[in-house]
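Close look at the chain arrangement
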Amino acid sequence: CSSDLYSFGLHAGWLVALLPAREPLAVHERFAPTRLLVHACWLAVYGRNGPLRILTSSAGYEGWRLKSFLDAKHKAEIFDDLYRKLTGDGESPAAALLKEAQTVEKRLNFP
């Protein structure tokens, strides 16, 4: 994870560590539930060159690989799971989080 707020992003290694986990990060390791984090999770899952795309490529990441085709439902589930594991937020509706992430993406790319 980058410490620069303007280039915040999640590396494929984060997905490798978080996706198989059953519980969110420990309280002292969690991130604040900000729009920046929602957007970083969105980019990790839906981004053109995001970590999820790396994990679904034939090369994978350090021997870890996901199936190559993920439909919209599975991507939405991964986005939701990733966000909740990073923040510990179990209350926000999944649809609202995804919509917020899409809104932030549109605002950042179409000023």
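The structure displayed is predicted, hence computed values, not measured ones. (Residues numbered from 1 in each chain as written. Predicted model: local features only at pLDDT ≥ 70, side-chain atom pairs only at ≥ 80, totals over all residues. Heavy atoms only, no water.)

Turning our attention to helix α2 (residues 35–46). The terminal C-alpha atoms of α2 lie 16 Å apart, and with 12 residues this matches the ideal 16 Å at 1.5 Å per residue to within 8%. Taken residue by residue, α2 has Leu37, Val38, His39, Ala40, Cys41, Trp42, Ala44 and Val45 as its buried positions. Packing partners of the buried residues in α2 comprise α1 (12–18), α3 (51–56), α4 (72–87) and α5 (94–109). (Helix = DSSP H or I, 4+ residues; strand = E, 2+ residues; numbered from the N terminus. Expected span 1.5 Å × (residues − 1). Buried < 20%, exposed > 50% of the residue type's maximum accessible area, 1.4 Å probe, protein only. Contact = heavy atoms within 4.5 Å.)

Within the secondary structure, Val104 is located in helix α5. On the basis of relative accessibility, which here comes to 12%, the residue Val104 falls in the buried class. Residues Val104 and Trp42, 62 residues apart in the sequence, show an inter-C-alpha distance of 9.5 Å. Other than its neighbours up to four places away in sequence, Val104 contacts Arg35 and His39.

A few words now on the nonpolar core. Leu10, Leu15, Cys41, Phe79, Leu82 and Leu86 are the most contacted members of the largest nonpolar core, which has 25 residues in total. Counting only elements with at least two residues in this core, the list comes to α1, α2, α3, α4 and α5. Considering each element in turn, this core owes the most residues, 7 residues, to α2. Beyond its immediate sequence surroundings of up to four residues, Phe79 is in contact with Val38, Cys41, Trp42, Val45, Tyr46, Leu97, Leu98 and Ala101. (Core = buried A, V, L, I, M, F, W, Y, C linked by side-chain atoms within 4.5 Å.)

Looking at the chain as a whole, the pLDDT averages 84, with 86% of positions reaching at least 70. No element of the chain has a lower mean pLDDT than α3, at 82, and none a higher one than α4, at 93. Taken as a whole, residues 1–6 scores under 50 in pLDDT and shows 9 contacts with residues more than four places along the chain or in a different chain. (pLDDT = per-residue confidence, 0-100.)

What follows deals with the environment of Ala44. If you trace the backbone, Ala44 turns up in helix α2. Taking the C-alpha atoms as reference, Ala44 lies 7.4 Å from Gly9; in sequence the two are 35 residues apart. The contacts of Ala44, once residues within four sequence positions are left out, are Leu10, Leu15, Gly50, Pro51, Leu52 and Leu82.

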